[in-house]
Amino acid sequence: MIESKKRWTISRPDQQIVEALIAELGIPTVHAKILAARGITDPSEANAFLHMDESSLHDPFLFHDMDKAVAIIGHAIAQQKKIAVYGDYDADGVTSVSVLTTSLEKLGADVLFAIPDRFAHGYGPNQELFHDLYEKGVSLIITVDNGISGIDQIAYAKSLGMQVIITDHHEIGETLPAADAIIHPRHPEGSYPFGELAGVGVAFKLACALLGEIPYDLIELVAIGTVADLVPLRDENRYFVKEGIRRMRRSKRPAIQALARVAGTEQSDLNEESIGFTIGPRINAAGRLGDATPAVELLKTEDEGVAIALAQQLDSLNKERQVIVSTITKEAERMISDKYGEKLPYVFVIAGEGWNPGVVGIVASRLTEKYHRPSIVLSLDNEAGVAKGSARSIAGFDLYMELSKNADLLPHFGGHQMAAGMSLAIEDVDALRDRLNAQAAEVLTEQLLIPEKIIDVPLKIEEINVDILESLEILRPFGMSFEKPTYMIEKLTTASVRQIGAEKNHLKLELQDGDLKLDAIGFRFGHMADHVTPDITLSLVGDLQVNEWNGHKKPQLLIEDVRSDDWQLFDLRGIREPSRWLPKIPMERTLFVAFRDRTFTRLPSTMQGISVLHYGKDQLQEADNVVLLDMPNATDELEHVIQTIVPDRIYAHLHEPESKYFEGIPGRDQFGWYYTFLKKRGSFDIKRNADMLAKHMGWKKGTISFMSRVFSELGFVKIENGLVSVVETGEKRDLAEAPSYRQRQRQIELEKILLYASYVELKQWFETIRNGVDREEY
């Protein structure tokens, strides 16, 4: 049995819906299963989803206050009043600033932008920065990707005589700021058809309204901000990202070309994953570590030289950010190890002095991913006495709700079920940790603490080929609310199993279902090769890709998880030195069993410290795995062990230092000749002369000793100090009456069944025993 790393939750799409989508749309089964799994079950809806164009965009004037905002901005431009676009320091905010300032510049506006410093000003509207803008002669402030919660700051800007237009997409509180216009997709007085735009999406809709047309050249920036902000990729967002990526792949914008180059990504291969994992983090890096201005300058520049210089600057900042994240993560993991060992709490509240507050959210994500526990990571400012940080959660623990119960400790906090930010007094950190763990104990079950893998597209090998995988492009982009599918292929055998890589830490499988085969590769799964037995059936979860090598394309599964419900037999027979197989055996819930006394006197040093159960003297224990160190005295002993424990894994070492299988039992003609020889001589000294006789007859010395012992037990001879003397008796007795003869018969039969059977034969024998089938029936 191979246990999966995560708890699998398998959802199988309705077959009737899948068949209807296939029939109506003419799409492959894989595509239909993905659509059905995502809740897109109506063929006409699916067709519109797959073939989006600009008709998917809604009229920007459906926004509440859009007409008012356009009039205010138009008047400001006409009067040559100075306009400030006030943004946020993340990728959504930076792209929002770039989109709106570019659009205003097209209209001839006198425009500048301002972005708060994460460390000096914090998130959102800032009174100090608003005053600076006023001092610079700004008459109109337009916020992008922020502002909806800045009630006091907006009021302050208004008190200075400035006009304020808010464009935002974050949650709206009970009270709206007293702005001149509020553009928000979920405005309580509005009826905009799609409420899940990113900040850059809202800014783009304002740009469309101002320009009176769709600024297609800016859609690639909208795609970056939309992907980076993890908003649902449905409706307009899907169009923005799909069309934006199409344009990015052939874009002449210096920023796109420069970012692709420094990220080592082919521009023509850009997709939503490239944005999320290479471009987005580089744009975010500036604001995480300080001033986000270079990111805006990069996106707006038309100079290729400036673009590459700024892209390299962001790349360096991103590398610096990665080092900082890695350092803090290691410190946090060390704190967890030192404080908790293997007994983990329900919730981590980890704090460190001087940790960069701009990256603690990433660290919290890594801790939650590694340990599958809600994690709060705080940066301590001892001088100010304040702890500031971020949190990430797991399913079953509503972070915002649980933090709300501790509002007396948290003067500032916000977020949602899975993520939050907060600040509190350092002296209250321990109390928060204790309270949250007590709260978590009430809601987090043992099952919820096992990471879950949701599987929604089960497939068979026959449904997979290169053409089908390449045609999945029509389903992209994948993201929030249209997640990348997790594929599962069940009950496959392995045609080959190999460890690959310089350190042999990766796994290469050739999977087989009848005559059909599929390659699979598992990075950092190299250890799994030691756990795959020849006849096991595997179920695998992962991502399907097209692997191209020397111009030849093949489908390939990138393994994320593996499991098998089969019990397994590991054949260790003939591998005498335990050091060669011991490291491959899981020690937890594994029982080592020896049947013979001599085994305990011969245990090698490599097995020191391992508890070995002595069958017949020690009581059998519960276990998942059994290691059979030596041969039993009889099959009944082994049957008792296997049927009592019913192990998931049997490791058959079955060491026999004195095998008799190939020596066999002398034939009756050999016994007859030897007895005649003894009668003629009267006596025979086997100590002195056995070697000479064995050589003369072509026997083994042991054969002579064995026949002498059988004759002795039957009363035909007596043996004293190695001298064999014939005893005259007229009694005839069968050789099988001798205990040594019967023991030799039993041993040979036992060795035939256990020691010298093929793997398949041994597996079948254990199968019958494990299932409780009488071996006589078998």
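Definitions and cut-offs
- Residues numbered from 1 in each chain as written.
- Predicted model: local features only at pLDDT ≥ 70, side-chain atom pairs only at ≥ 80, totals over all residues.
- Heavy atoms only, no water.
- Helix = DSSP H or I, 4+ residues; strand = E, 2+ residues; numbered from the N terminus.
- Buried < 20%, exposed > 50% of the residue type's maximum accessible area, 1.4 Å probe, protein only.
- Phe/Tyr/Trp six-rings, centres within 6.5 Å; stacked < 30°, edge-to-face > 60°.
- Expected span 1.5 Å × (residues − 1).
- Contact = heavy atoms within 4.5 Å.
- pLDDT = per-residue confidence, 0-100.
- Salt bridge = Lys/Arg side-chain N within 4 Å of Asp/Glu carboxyl O.
- Axes fitted to C-alpha atoms, helices over the stretch in contact; angles between N-to-C directions.
- Parallel < 35°, antiparallel > 145°, perpendicular 65-115°, else oblique.
- Left-handed = near helix turned anticlockwise from the far one by under 90°.
- Pairing = 2+ DSSP bridges.
- Core = buried A, V, L, I, M, F, W, Y, C linked by side-chain atoms within 4.5 Å.
- Nonpolar A, V, L, I, M, F, W, Y, C, P; charged D, E, K, R; others polar.
- Arc of directions from axis to C-beta.

Chemist: Would you explain unusual backbone geometry in this entry?
Modeler: Cis geometry marks the peptide bond from Arg-476 to Pro-477; its omega dihedral reads 10°. Among the secondary structure elements, Pro-477 is positioned in the loop between helix 18 (466-470) and strand 14 (487-500). Here the phi dihedral of Arg-589 falls at roughly 55°; this positive angle occurs in a residue that is not glycine. Inspection of the secondary structure puts Arg-589 in the loop between strand 19 (568-571) and strand 20 (590-594). Looking at Arg-589, the relative accessible area reads 41%, which means it is partly exposed. Positive phi, normally seen in glycine, also occurs at Val-646, with a value near 50°. Here Val-646 shows up in the loop between helix 20 (635-645) and strand 23 (649-655). We classify Val-646 as partly exposed; its relative accessible area is 37%.

Chemist: Looking at this model, I keep getting lost on the packing of aromatic side chains. Mind explaining?
Modeler: What describes a pair of aromatic rings is the distance from one ring centre to the other and the angle between the planes of the rings. All chains considered together, the criterion is met by 27 aromatic pairs. Ring geometry for Phe-662 and Tyr-756: centres 4.9 Å apart, planes at 75°, overall edge-to-face. Here Tyr-756 lies in the loop between helix 24 (739-755) and helix 25 (759-770) and Phe-662 lies in the loop between strand 23 and helix 21 (668-681), a separation of 94 residues in the sequence. What makes Tyr-756 partly exposed here is its relative accessible area of 33%. Taken together, a centroid distance of 6.5 Å and an interplanar angle of 25° make the contact between Phe-706 and Tyr-741 stacked. Of this pair, Phe-706 sits in helix 23 (residues 701-713) while Tyr-741 sits in helix 24, placing them 35 residues apart in sequence.

Chemist: In this structure, what is going on with helix 17 (residues 429-443)? I would like to understand it.
Modeler: Note that an α-helix has 3.6 residues per turn; residues three or four places apart therefore point the same way. Here helix 17 is 15 residues long and its end C-alpha atoms lie 21 Å apart, about the 21 Å a rise of 1.5 Å per residue gives. Packing partners of the buried residues in helix 17 comprise helix 14 (304-340), strand 7 (348-353), strand 8 (375-381), strand 9 (386-392), helix 16 (399-404) and strand 11 (419-425).

Chemist: Would you take a moment to explain the confidence of the model for the chain for this structure?
Modeler: Low pLDDT means the predicted coordinates in that region are not meant to be read closely. For the chain, the average pLDDT comes to 93, and 99% of its residues sit at 70 or higher. Note that residues 774-778 has pLDDT below 50 and, in this model, eight contacts with residues that lie over four places away or in other chains.

Chemist: Sorry if this is basic, but what is going on with the pattern of salt bridges here?
Modeler: All chains considered together, the criterion is met by 42 salt bridges. With its nearest N and O atoms 2.6 Å apart, the salt bridge here joins Glu-243 to Arg-246. In this pair, Glu-243 and Arg-246 both sit in helix 10 (residues 235-248), three residues apart, roughly one turn of the helix. Residue classification places Glu-243 among the buried positions, given a relative accessible area of 12%. Residue classification places Arg-246 among the partly exposed positions, given a relative accessible area of 39%. Measuring nitrogen to oxygen at the nearest pair gives 2.5 Å for the salt bridge that ties Glu-272 to Arg-476. Separated by 204 residues along the polypeptide, Glu-272 in helix 12 (residues 272-289) and Arg-476 in the loop between helix 18 and strand 14 bring together distant segments of the chain. The same class applies to Glu-272 and to Arg-476, which are both buried.

Chemist: Can you walk me through the packing of helix 12 against helix 14 in this structure?
Modeler: Packed helix pairs are characterised by how far apart their axes lie and by the angle those axes make with each other. Viewed as axis vectors pointing N to C, helix 12 and helix 14 meet at an angle of 70°, and their least axial separation amounts to 8 Å. The angle between the axes of helix 12 and helix 14 places the two elements in the roughly perpendicular class. Crossing handedness for the pair helix 12 and helix 14: left-handed. On helix 14, the residues that touch Pro-281, Arg-282, Ile-283, Ala-285, Ala-286, Arg-288 and Leu-289 of helix 12 are Leu-314, Asp-315, Leu-317, Asn-318, Glu-320, Arg-321 and Ile-324.

Chemist: Even after reading the chapter, I still don't get the environment of Glu-470, so can you show me in this structure?
Modeler: Locating Glu-470 in the fold gives a position in helix 18. When the C-alpha positions of Glu-470 and Gly-385 are compared, they lie 56 Å apart, and in sequence the two are 85 residues distant. Beyond its immediate sequence surroundings of up to four residues, Glu-470 is in contact with Val-546 and Lys-553.

Chemist: Would you take a moment to explain the sheet that holds strand 24 (residues 683-685) for this structure?
Modeler: Within a sheet, neighbouring strands are paired by backbone hydrogen bonds and run either parallel or antiparallel to one another. Read from one edge to the other, the open sheet built from three strands follows the order 24-26-25, with strand pairing classed as antiparallel. Two strands close off the open sheet at either side, each with one partner strand: strand 24 and strand 25 (717-720). Neighbour-to-neighbour, the strand axes of this sheet turn through a mean angle of 15°, independent of strand direction. Relative to strand 26 (residues 723-726), strand 24 runs antiparallel, the two being bridged by three bridges. When the sheet's bridge partners are listed, Phe-684 is paired in strand 26 with Val-724. Most of the contacts of helix 21 go to strand 24, to which it runs at about 105°, and overall it touches strand 24, strand 25 and strand 26.

Chemist: Before we go on, may I ask you to explain the nonpolar core in this structure?
Modeler: Generally speaking, soluble globular proteins have nonpolar side chains that are buried together. Formed by 76 residues in total, the largest nonpolar core has its most connected members in Ile-73, Ile-83, Leu-104, Ile-142, Ile-165 and Ile-283. The biggest single contributor to this core is helix 8 (residues 199-211), with nine residues. Counting residues in each nonpolar core, the second largest holds 42 residues, with Ile-2, Ala-36, Ile-468 and Leu-509 among its members.

Chemist: Would you explain the pairing of strand 15 (residues 506-513) in this entry?
Modeler: Two faces, one strand: in a regular strand the side chains alternate between the faces of the sheet. Taken together, the seven bridges between strand 14 and strand 15 define a ladder with antiparallel strand orientation. Each residue of the ladder has a partner; that of Thr-494, found in strand 15, is Leu-511. As consecutive antiparallel partners, strand 14 and strand 15 are separated by five residues, and within that stretch Gly-501 has a phi angle of approximately 95°, a positive value. Bridge count for strand 15 against strand 16 (residues 516-522) is seven bridges, and the pairing is antiparallel. Bridge pairing in strand 16 links Gln-512 to Lys-517. In this structure, the hairpin formed by strand 15 and strand 16 is closed by a connection of two residues, where Gly-514 is found at a positive phi of approximately 65°.

Chemist: So what exactly am I meant to see when it comes to the packing of helix 11 (residues 254-263) against helix 12 here?
Modeler: At a closest axis distance of 10 Å, the pairing of helix 11 and helix 12 adopts a crossing angle of 105°. By the angle between their directions, the pair helix 11 and helix 12 is classed as roughly perpendicular. Facing Leu-259, Val-262 and Ala-263 of helix 11, the residues of helix 12 in contact are Thr-278, Ile-279, Arg-282 and Ile-283. Residue composition of the contact of helix 11 with helix 12, by class: five nonpolar, one polar and one charged.

Chemist: Looking at this structure, how should I read helix 21?
Modeler: A rise of 1.5 Å per residue sets the reference length of helix 21, with its 14 residues, at 20 Å; its end C-alpha atoms lie 20 Å apart and thus fit the reference within 8%. Listing the buried residues of helix 21 in full gives Phe-671, Tyr-674, Phe-677 and Leu-678. One face of helix 21 carries all of its buried residues, which in axial projection span an arc of 130°. Turned more than 90 degrees from where helix 21 packs its buried face, Arg-668, Asp-669 and Lys-680 sit exposed.

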